[in-house]
Amino acid sequence: MTEDRSEIRSRLCGGNERFRLLDPARRIDTARNGQHPWAIVVCCSDSRVIPEKIFSAEIGDLFVIRVAGNVLDNHQIGSIEYAAGHLHCAHILILGHTGCGAVSAALGGGGEGFIKYITDDILDAVGEEREPDRACRLNALHAAERLRREFAGHPEIGEVQIEAAVYVLESGEVVWL
Ligand SMILES: [Zn+2]
């Protein structure tokens, strides 16, 4: 157990060392001068869905909110509100993905424990739909719709463009809905 832990720690440390060599100028610039992300991305926590890689983005480019099933609750909406209202980032993308375990769990009857909060939201979003890819699209569209509703009549947030898309795990393509 202890060995496992130190092995993971050394992988993490090694990765961090390599990362620090990558783009020090941009890292230092954004640290000193602040962040100006050009898009807000809400996506799943799935380890295969990595927005910075999917969109070839750099440090400071994307304001990312990751949560299993790309569902929205107050914490997520608050994060988006901050990026839109305070960082003036006007483009919001809800990014679902094919093969989403959270969507499958919801379609299979829902999860237990804290997972149930997520699967309940997804079931709400998909209604009677039980085909996983269509359910995934409905789930992303539902989150986009909710955001539009929540942000309507909040002039302090400013004009925001809210879109939904699906990332295809196998091809790496992002399909706009
Ligand atoms: Zn997922």
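For the structure itself, look to the data block above.
What you are looking at is a predicted structure, and each value in this text was computed from that prediction instead of being measured. (Residues numbered from 1 in each chain as written. Predicted model: local features only at pLDDT ≥ 70, side-chain atom pairs only at ≥ 80, totals over all residues. Heavy atoms only, no water.)

Draft legend 1. Expanded view of the overall build of the protein. From N to C terminus, the protein includes seven helices and five strands. Taken from N to C terminus, the helices and strands of the protein fall in the order α-α-β-α-β-α-β-α-α-α-β-β. In terms of its C-alpha atoms, the protein occupies a principal-axis envelope of roughly 50 × 50 × 30 Å. The buried share among the 177 residues of the protein stands at 37%. Pairs at least 24 apart in sequence give 64% of the contacts found in the protein among residues at least 6 apart. Carbon and sulfur atoms provide 52% of the accessible area of the protein, an area that totals close to 10900 Å². Distance between charge centroids for the protein: 6 Å, based on 18 positive and 27 negative side chains. (Helix = DSSP H or I, 4+ residues; strand = E, 2+ residues; numbered from the N terminus. Buried < 20%, exposed > 50% of the residue type's maximum accessible area, 1.4 Å probe, protein only. Contact = heavy atoms within 4.5 Å. Areas by Shrake-Rupley, 256 points an atom, 1.4 Å probe, with all protein chains shown as cover. Lys, Arg positive; Asp, Glu negative; His and termini not counted. Charge placed at Lys NZ, Arg CZ, Asp CG, Glu CD.)

Draft legend 2. The arrangement of the sheet that holds strand β5 (residues 174-176) in detail. Spatial strand order, β2-β1-β3-β4-β5: five strands in an open sheet with mixed pairing. The open sheet has two edge strands, β2 (62-66) and β5, and neither has a second partner. With strand direction ignored, the average angle separating the axes of adjacent strands in the sheet is 25°. Taken together, the five bridges between strand β1 (residues 39-43) and β2 define a ladder with parallel strand orientation. Residue V42 lies in a different strand from β2, and its bridge partner there is I65. (Pairing = 2+ DSSP bridges. Axes fitted to C-alpha atoms, helices over the stretch in contact; angles between N-to-C directions.)

Draft legend 3. Looking closely at the coordination of the zinc ion. Within the protein, the zinc ion binds to C44 (SG), H97 (NE2) and C100 (SG); these donor distances fall in the range 2.0 to 2.3 Å. For the zinc ion, all donor residues lie on one chain, and their spacing in sequence is C-x52-H-x2-C. With a gap of 56 residues between them, C44 in the loop between β1 and α3 (51-54) and C100 in the loop between β3 (91-97) and α5 (101-107) connect regions that are remote in the sequence. C44 sits in the buried class, given a relative accessible area of 5%. (Donors = N, O, S within 2.8 Å, 3.2 Å for Na, K, Ca; no water.)

Draft legend 4. Structural detail: helix α4 (residues 74-85). Between its first and last C-alpha atoms α4 spans 15 Å; for 12 residues at 1.5 Å apiece the expected length is 16 Å, and the two agree. All of the buried residues in α4 are Q76, I77, I80, A83, A84 and G85. Where α4 is buried, its residues contact β1, β2, β3 and α7 (132-151). (Expected span 1.5 Å × (residues − 1).)

Draft legend 5. The nonpolar core, seen in detail. Grouped together as the largest cluster of nonpolar side chains are 21 residues, with contacts concentrated most on I40, L72, I80, I92, I94, L147 and F151. Only β1, β2, α4, β3, α7 and β4 (161-167) provide two or more residues apiece to this core. Looking at which element gives the most residues to this core, the answer is α7, with five residues. Residue contacts for I92: discarding those within four places in its chain leaves I40, I80, L147, F151, V160, Q161, I162 and E163. (Core = buried A, V, L, I, M, F, W, Y, C linked by side-chain atoms within 4.5 Å.)

Draft legend 6. Region of interest: the side chain of D61. Within the fold, D61 resides in the loop between α3 and β2. On the basis of relative accessible area, D61 is assigned to the buried category, the value being 9%. Of the polar contacts made by the side chain of D61, one reaches the backbone nitrogen of E58; its length is 2.6 Å. Leaving out residues up to four positions away in the same chain, D61 has contacts with R26, P37, W38 and A39. (Polar contact = N/O pair within 3.5 Å; in protein donor to acceptor, adjacent residues only side chain to side chain.)

Draft legend 7. Quick look at the pattern of salt bridges. Enumeration according to the criterion identifies six salt bridges in this entry. We note a salt bridge from R48 to D46, for which the minimum N-O separation is 2.7 Å. For E150, the salt bridge goes to R146, with nearest N and O atoms at 2.9 Å. Highlighted residues: E150 and R146, both in helix α7, separated by four residues, approximately one helical turn. According to the relative accessible area criterion, E150 is partly exposed, its value standing at 33%. (Salt bridge = Lys/Arg side-chain N within 4 Å of Asp/Glu carboxyl O.)

Shape descriptors only; they carry no functional weight alone.
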